[in-house]
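Given next are the chains, with one letter for each unit.
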Amino acid sequence: MDTATRRTFLKQSVGFGLATIGGSYVRIGRAADDHIYVTSSGGSFMENVRKHMAEPFAKQSGVKVTLVPGTNPTHALKILSSRGTPPYDVAAFGGMDMYRLIKARKLVQVDEKSVPSLADVPDKFKADWEGCGSMYDYSSVGIAYRPDKIQGGVKSWKEFVERTIAGDFGKQVFFNNLSSNVRGAEVLSMFGKVYGSGYGDIEASIATLEKMKPHIFKFFTAFNDPVVLLTSGEGAIGPGWDGRTFIAEDSTKGMVKWVDPAEGAVSSGPVMGVVKGGKEDLAKAFMNYALGEEAQKAFCESMLYGAVNRKVQYSEKLKDRLPGIDSVQLVDTELLIKNMGALLDAWNKRIAV
């Protein structure tokens, strides 16, 4: 951070009871108010947010952080329906629900003065959120497969599609169920880009999947399904997540593999923003820590997700596995929302039957 920006941030930090020293926060006062509430999903994700973001921030700042587990739509609804003091200070969940909050003006504007770590986050992770937030990790959908069944693997989405259509993989191909919110829309959007006019080409997306359908034995409905189908031997190849497949690869001594397709992995991730009317300054301080190099490296190394902070240097174990910031493909959130009705209609008529 440059001297002028740092000086501005120090002044703002002191104004709400925090000062920064060497990038860390030290407590000054207002003990009764030093408590913020942050939304979260559950399971290992929440535990890693707690371990690598909430607890270190609390230790450095003196600000107590309570993580509130729940589903994205539930968190969003509580904020949307709140009057007066909101139920949370930091909203951190999936993009489409975050988009609803932005349109309802429930989040405050953040910038590099109020959240200096944003300077180290590329625009692609901030572009959809109208100055109100940023993604704070990215997980990528590429192609997961069994190397004992798919000799040599595959190199691209196009190869995966065309070999599926040709029957090269038998009827052991799995694919995302569109209506189950397991990134089916994003993968289909990639088909629109590869075989049509772009991410929004619904006809090209559905027509491509229609040709693949005779060889798809399962449209999966849960994020863990690709790994389960592969390790059980029921499936041989299909779209799958990087981190989850890496964990399975390590635990099974290479039974499964993951490839970053030549056209790019389809990536997405949770978004973090500051809720209007909450403890906005403390929430911005937490967001600044969560997007900082220290928290990003620790959290993403544990989750095997991509870090959005460009300064992060991955360990030897991870650096050659994750798709890089510049290669990942992010489908415009507004476009996905706009196209979802038509995409679901085409899916129900031509794929789900």
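Residues numbered from 1 in each chain as written. Predicted model: local features only at pLDDT ≥ 70, side-chain atom pairs only at ≥ 80, totals over all residues. Heavy atoms only, no water.

## Focus: the pattern of salt bridges
Here's step 1: In total, this model carries 18 salt bridges according to the counting rule given.
Here's step 2: Linking D97 and R100 is a salt bridge whose minimum nitrogen-to-oxygen distance equals 3.3 Å. With a gap of 3 residues between them, D97 and R100 both fall in helix α4 (residues 95-103), about one helical turn apart.
Here's step 3: With relative accessibility at 13%, the residue D97 sits in the buried group.
Here's step 4: Since its relative accessible area comes to 39%, R100 is described here as partly exposed.
Here's step 5: Salt-bridge contacts for R321 lead to E249; the nearest nitrogen and oxygen are separated by 3.4 Å. (Salt bridge = Lys/Arg side-chain N within 4 Å of Asp/Glu carboxyl O. Helix = DSSP H or I, 4+ residues; strand = E, 2+ residues; numbered from the N terminus. Buried < 20%, exposed > 50% of the residue type's maximum accessible area, 1.4 Å probe, protein only.)

## With respect to the confidence of the model for the protein chain
Here's step 1: When pLDDT is averaged along the protein chain, the result is 91; 91% of the residues meet or exceed 70.
Here's step 2: Ignoring residues within four places in sequence, the model shows residues 1-17, a span with pLDDT below 50, making 28 contacts including any to other chains.
Here's step 3: Note that residues 19-32 has pLDDT below 50 and, in this model, 39 contacts with residues that lie over four places away or in other chains. (pLDDT = per-residue confidence, 0-100. Contact = heavy atoms within 4.5 Å.)

## Structural notes on the environment of V108
Here's step 1: Checked against the element boundaries, V108 lands in the loop between α4 and β6 (134-135).
Here's step 2: For V108, a relative accessible area of 9% gives the class buried.
Here's step 3: Sequence spacing of V108 and E334 is 226 residues, and the spatial spacing of their C-alpha atoms is 19 Å.
Here's step 4: Beyond its immediate sequence surroundings of up to four residues, V108 is in contact with G131, C132, V274, V275, K276, E280 and K284.

## Focus: the packing of aromatic side chains
To describe a pair of aromatic rings, one takes the distance between the centres and the angle between the planes.
Here's step 1: Applying the stated criterion to the full structure yields 14 aromatic pairs.
Here's step 2: Clustering of aromatic rings is evident, with ring pairs tying together W157, F160, F175, F191, F219 and W347. (Phe/Tyr/Trp six-rings, centres within 6.5 Å; stacked < 30°, edge-to-face > 60°.)

## Overview of the side chain of K106
Here's step 1: Within the secondary structure, K106 sits in the loop between α4 and β6.
Here's step 2: Nearest to the buried, unbridged K106 among oppositely charged side chains is E280, at 11 Å.
Here's step 3: From its side chain, K106 meets the backbone oxygen of S82 in a polar contact 3.4 Å long.
Here's step 4: Residues contacting K106, with those up to four places away along its chain left out, are I79, L80, S82, R83, L101, V274, V275 and K276. (Lys, Arg positive; Asp, Glu negative; His and termini not counted. Polar contact = N/O pair within 3.5 Å; in protein donor to acceptor, adjacent residues only side chain to side chain.)

## Some remarks on helix α13 (residues 333-350)
Here's step 1: The first and last C-alpha atoms of α13 sit 24 Å apart over 18 residues, in line with the 26 Å expected at 1.5 Å per residue.
Here's step 2: The sharpest bend along α13 measures roughly 50 degrees and falls at M340.
Here's step 3: The complete set of buried residues in α13 reads T333, L336, N339, L343, A346 and W347.
Here's step 4: The opening residue of α13, the one whose side-chain oxygen lies 3.1 Å from the backbone nitrogen of E334, is D332. (Expected span 1.5 Å × (residues − 1). Bend = angle between axes of the 7 residues up to and from the residue.)

## Brief notes about the packing of helix α6 (residues 184-195) against α13
Between two packed helices, the angle of one axis relative to the other and the distance separating the axes together describe the packing.
Here's step 1: In the contact formed by α6 and α13, the axes pass within 11 Å of each other and the chain directions differ by 85 degrees. Comparing the axis directions of α6 and α13 gives the class roughly perpendicular. Together, A185, E186, L188 and S189 of α6 and L336, M340, L343 and W347 of α13 make up the contact between the two elements.
Here's step 2: Residues that form the contact of α6 with α13 fall into these classes: 6 nonpolar, 1 polar and 1 charged. (Axes fitted to C-alpha atoms, helices over the stretch in contact; angles between N-to-C directions. Parallel < 35°, antiparallel > 145°, perpendicular 65-115°, else oblique. Nonpolar A, V, L, I, M, F, W, Y, C, P; charged D, E, K, R; others polar.)

## Details of the side chain of R321
Here's step 1: Assignment of secondary structure puts R321 in the loop between α12 (316-319) and α13.
Here's step 2: If sequence neighbours within four positions are ignored, R321 has contacts with F246, E249, D250 and W258.

## Regarding empty space enclosed by the protein
Here's step 1: According to the stated counting rule, one finds 1 cavity of 30 Å³ or more in the structure shown.
Here's step 2: Every residue lining the largest cavity is counted, 14 residues in all, and those nearest its centre are S189, Y199, L336, N339 and L343.
Here's step 3: Within the residue set of the lining of the largest cavity, elements represented by two or more residues are α6, α7 (202-212) and α13.
Here's step 4: In the lining of the largest cavity, the residues fall into 9 nonpolar, 4 polar and 1 charged. (1 Å grid on protein atoms, 1.4 Å probe; cavity = no way out; pocket = protein on both sides within 12 Å on 5 of 7 lines; lining within 4 Å. Points joined across faces, edges and corners; volume = space filled by probe spheres on them.)

## As for helix α2 (residues 43-61)
Here's step 1: Relative to the 27 Å expected for 19 residues at 1.5 Å per residue, α2 spans 26 Å between its end C-alpha atoms, a close match to the ideal helical length.
Here's step 2: At R50, α2 is bent by approximately 40 degrees, the largest bend along its length.
Here's step 3: Downstream of α2 by one or two residues, G62 has phi in the positive range, about 80 degrees.

## Let's talk about the environment of T252
Here's step 1: Within the secondary structure, T252 sits in the loop between α9 (242-251) and β11 (257-259).
Here's step 2: Owing to a relative accessible area of 25%, T252 belongs among the partly exposed residues under this scheme.
Here's step 3: Distance from T252 to T66, taken between C-alpha atoms, is 36 Å for residues 186 residues apart in sequence.

## Observations regarding the environment of I79
Here's step 1: For I79, the location among the structural elements is in helix α3 (residues 72-81).
Here's step 2: By relative accessible area, which is 0% here, I79 ends up buried.
Here's step 3: With 146 residues separating them along the chain, I79 and D225 place their C-alpha atoms 31 Å apart.
Here's step 4: What I79 contacts, discounting residues up to four positions off in sequence, is P87, Y88, A91, F93, L101, K106 and V275.

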